[in-house]
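# Geometric and topological summary
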Amino acid sequence: MAAPIVRRWFLVARKVPLPPLFLAGERGLLSAAYVDSHKWEAREKEHCHLADLASLMDKTYERKLPVSSLTISRFVDNISSREEVDHAEYYLYKFRHSPNCWYLRDWTIHTWIRQCLKYGAQDKALYTLVNKVQYGIFPDNFTFNLLMDYFIKKENYKDALTVVFEIMMQEAFEVPSTQLLSLHVLYHCLAKKTDCSWEEERNFGASLLLPGLKQKNSVGLSSQLYGYALLGKVEVQRGLRAVYHNMPLLWQPGYLDRALQVMEMVASSPDDGKLCAEALAVLDKTLKALTAPAPAASEEQSQEGEDSRGSEDLVEQLDVEETEQSKLPWYLERFKDLHSKLEALGRVESESLLALTTQLIKEQLPTYEAEDIAAYEQKLQQWHLERVHLIQREEEQRERAKQEYEARRAAKASA
Amino acid sequence: MARKKVRPRLIAELARRVRALREQRNRPRDSQRYALDYETLTRPYSGRRLPVRAWADVRRESSLMQLLSRLPLFGLGRLVTRKSWLWQHDEPCYWRLTRVRPDYTAQNLEHGKAWGVLTFKGRTESEAREIGQVMYHDWRLVPKHEEAAFTAFTPALPEDAPRCVPYPPLLRAMILAERQKRGDACTEEPMLNLERTRVHPWDYPAKQEAKKKAKA
């Protein structure tokens, strides 16, 4: 218990308010009110036997009829143990490969993630999230926040990073709380990592870029710069297609150019936006690494990259007069100019990105959390109404089917 | 010439209907018809190889449903473009998706149909229609943060309002005489429409309904 006390003393000494949640050993970023599952537990749910639902679904699939989204949502609602989580996973897979796959409801996905976390099946939740094509799990922002916070509490930053990459693939960085949490996770992982493969660099770049575009402060601008720098590095080393294929990124070349444009914008804008020295150092290192060992790099590239780049880039870059490779010395010069200009204007932030993000979280997260919780309560109401409507419709259909059957039987008996 | 009366062949009719029903039930799904062997670039269903010009594209790009299977709600409301349009035209050409029906028999849900509103070279159509050539490996998804920049378009030539002009006097007299002969009591002044007839470029997407009717 000494460590939290020491931390508390440090925080008090720096006159920063305490974080709201403070379990011994486990500390997440979101407050207890956010992570609290009482409202979700208190929702009205129909109690059904899982075995009945399972046999109903099996029979429906055998007869090649569509299963309704209500059945699968009832199944996921009534999970009560770890084995049932596995059964539900199987039925989610089957639902995704049935004619009604588009109709998998938001509340089913939310309930699935909550149940997984409740019964300690977080690896299962992560697996279904990563294989979203096969399971159809596309959570909303609130659920993403819950999942990330769970992993942050367990200090499992690797899994939290996977969650952030999934949010990036779905381009779900609309809500500010998600942006802040994911930036925190990203900077935490970047601080620890030394070398990454080009796929990881590309994922990091895109995940830094997308929330950075939404945040209008120095953290956002520095994230944009950092993201563009990483993507530019992958672009020069691996070709443009490696950057945008299967990623939510544009196919226009010149990511390093865009990084320099961010710097120009900050230098010329009258606002108080600053860029972190860390991000600028990364861009500097990237440019130098790509320019300096030019013969060595091009030799390696011509051996490895020939297979991957080769004729494909010839086709795409027919219209481009100069390649990125040839523009690198010019980029380096521009960077040096802009860097000195920014330092002269005093727009360079010397604190580390992780510290800045943590400060931003402490200041702004409570307000965003309150908004999110209000929105979540409204959504719970909406889901409840929808569910009632669906149950009503199902009842009506059953009545109609029964009446038709009776009518047909009466007609057959009389004939 | 007196012909013998044709007996209605009921069993043949019944057999025809049963055959049609079985054909409908066992029809090849999209996932079977458009499955592709990426090593040899042949479609296993028909055994045919893809055309030569498609080989490079098939290796690099993705088909529309391959992109949409990775998105929530199969990418409803998102913008998709084709690489061939990006290379051919400067103005923005894209489909905005309104309805997607994936083929559930596919393993990765990477086949299916989609409907949307077309914007070709900056001009948007008024109605949604089926997207053609969905199985071509030619599609790209426009990221959300780039949508505004991608769709921004100012037409080079100003759009003229449809101009109508009165006919020359002899033609006008002829039209009025024609009307009188027909007994048409219309007193409206006959106007000549000066609007340019729009000629679509060769890669303007054709209407899928018309194609299906022509095939059937």
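Residues numbered from 1 in each chain as written. Chains lettered and ligands numbered in written order. Predicted model: local features only at pLDDT ≥ 70, side-chain atom pairs only at ≥ 80, totals over all residues. Heavy atoms only, no water.

## Some thoughts on the pairing of strand β2 (residues 94–102) of chain B
Residues and elements named next belong to chain B. Convention followed: By this definition, two strands are paired if DSSP reports at least two bridges between them. Under the scheme used here, helices are H or I runs from DSSP no shorter than 4 residues and strands are E runs no shorter than 2 residues, and both carry numbers assigned from the N terminus.
In this sheet, β2 lies alongside strand β1 (residues 79–82) in antiparallel orientation, the contact comprising two bridges. Along β2, the bridge assignment pairs Leu79 with Arg96. Bridge analysis of β2 against strand β3 (residues 112–120) gives eight bridges, and the strand direction is antiparallel. Note that in β3 the partner of Leu97 across the bridge is Gly116.

## Some points on unusual backbone geometry
Positioned with a positive phi, Asn246(A) is a non-glycine residue whose angle comes to about 60°. Summarising the element assignment, Asn246(A) is placed in the loop between α15 (240–244) and α16 (255–268). Unusually for a residue other than glycine, Leu41(B) sits at a positive phi of about 55°. As for its placement among the helices and strands, Leu41(B) is situated in the loop between α2 (30–33) and α3 (55–60).

## As for the confidence of the model for chain A
Formally: pLDDT is defined as a per-residue confidence score from the predictor, taking values between 0 and 100. Pairs of residues are marked as contacts when any of their non-hydrogen atoms sit within 4.5 Å.
Of all residues in chain A, 87% attain a pLDDT of 70 or more, and the chain-wide mean is 84. Confidence drops under pLDDT 50 across residues 295–312 of chain A; counting only partners more than four residues distant or on other chains, this segment forms 14 contacts.

## With respect to the packing of helix α14 (residues 218–238) of chain A against helix α17 (residues 277–291) of chain A
Residues and elements named next belong to chain A. Note the threshold: Every axis in this analysis is a line fitted to C-alpha atoms, fitted for helices over the stretch in contact. Angles between the N-to-C directions lie between 0 and 180 degrees. Small angles under 35 degrees read as roughly parallel and large ones over 145 as roughly antiparallel, with 65 to 115 read as roughly perpendicular and the rest as oblique. Left-handed describes a crossing in which the near helix is turned anticlockwise from the far one by less than a right angle; the clockwise case is right-handed. When residue character is reported, Ala, Val, Leu, Ile, Met, Phe, Trp, Tyr, Cys and Pro are called nonpolar, Asp, Glu, Lys and Arg charged, and the others, Gly included, polar.
Two elements in contact, α14 and α17, have axes separated by 9 Å at closest approach and are oriented at 15°. As far as their axial angle goes, α17 and α14 are roughly parallel. Relative to α17, the crossing made by α14 is left-handed. Listed contacts from α17 to Ser222, Leu225, Tyr226, Ala229, Lys233, Val236 and Gln237 of α14 are Ala279, Leu280, Val282, Leu283, Thr286 and Leu290. Class assignment of the residues belonging to the contact of α14 with α17 gives a composition of nine nonpolar, three polar and one charged.

## A look at a nonpolar patch on the surface
Test applied: Residues enter patches when their relative accessible area tops 30% and they take part in no salt bridge; the joining distance is 9 Å for like charges and 5 Å for the nonpolar side chains Val, Leu, Ile, Met, Phe, Trp and Tyr. Here, Shrake-Rupley sampling with a 1.4 Å probe gives the accessible areas, and only protein chains in the shown set may cover a residue. For salt bridges, the criterion is a side-chain nitrogen of Lys or Arg within 4 Å of an Asp or Glu carboxyl oxygen.
A surface patch of nonpolar side chains, amounting to about 200 Å² of accessible area, comprises Val165(B), Leu192(B) and Leu194(B). Of note, Val165(B) is situated in strand β7 (residues 164–166).

## Digging into the pattern of salt bridges
All names here are of chain A. Short version of the rule: Buried means the residue's accessible area, taken with a 1.4 Å probe over protein chains only, is under 20% of the maximum for its type, while exposed means over 50%, and partly exposed covers the values in between.
Considering all chains together, one arrives at 30 salt bridges over all chains under this definition. We note a salt bridge from Arg82 to Asp86, for which the minimum N-O separation is 3.4 Å. Pair noted here: Arg82 and Asp86 are both in helix α6 (residues 82–96), with a separation of four residues, about one helical turn. Its relative accessible area of 31% is what places Asp86 among the partly exposed residues. Each of Glu46, Arg74, Glu394 and Arg398 takes part in one network of salt bridges that share partners.

## Some thoughts on the domain arrangement of chain A
Residue and element names in this part refer to chain A. The line we're drawing: In this document the domain limits rely on a domain assignment from an automatic tool or a database. Throughout, the accessible surface (probe 1.4 Å) given up by two parts as they are put together, summed over both, is called the buried area. Residues adjacent in sequence count toward polar contacts only when both atoms are side-chain atoms; beyond that, a polar contact is any pair of N or O atoms within 3.5 Å, and within protein one must be able to donate a hydrogen and the other to accept it.
Taken as a whole, chain A is organised into domain 1 (46–138) and domain 2 (139–290 + 326–371). Buried surface at the junction of domain 1 and domain 2, both sides included, amounts to about 1,300 Å², of which 75% is carbon and sulfur. Interface area lost by domain 1 to domain 2 is led by Leu117, Leu126 and Leu129, which between them contribute 39%. Summed over the shared surface of domain 1 and domain 2, the result is one salt bridge. Across the salt bridge formed by Glu166 and Lys132, the nearest N and O atoms sit 2.9 Å from each other. At the junction of domain 1 and domain 2, the tally comes to three residue pairs in polar contact (both at pLDDT 80 or more). No other element matches the five residues that helix α7 (residues 106–118) contributes to the side of domain 1 that touches domain 2. The residue inventory of the side of domain 1 that touches domain 2, partitioned by class, reads eight nonpolar, two polar and two charged.

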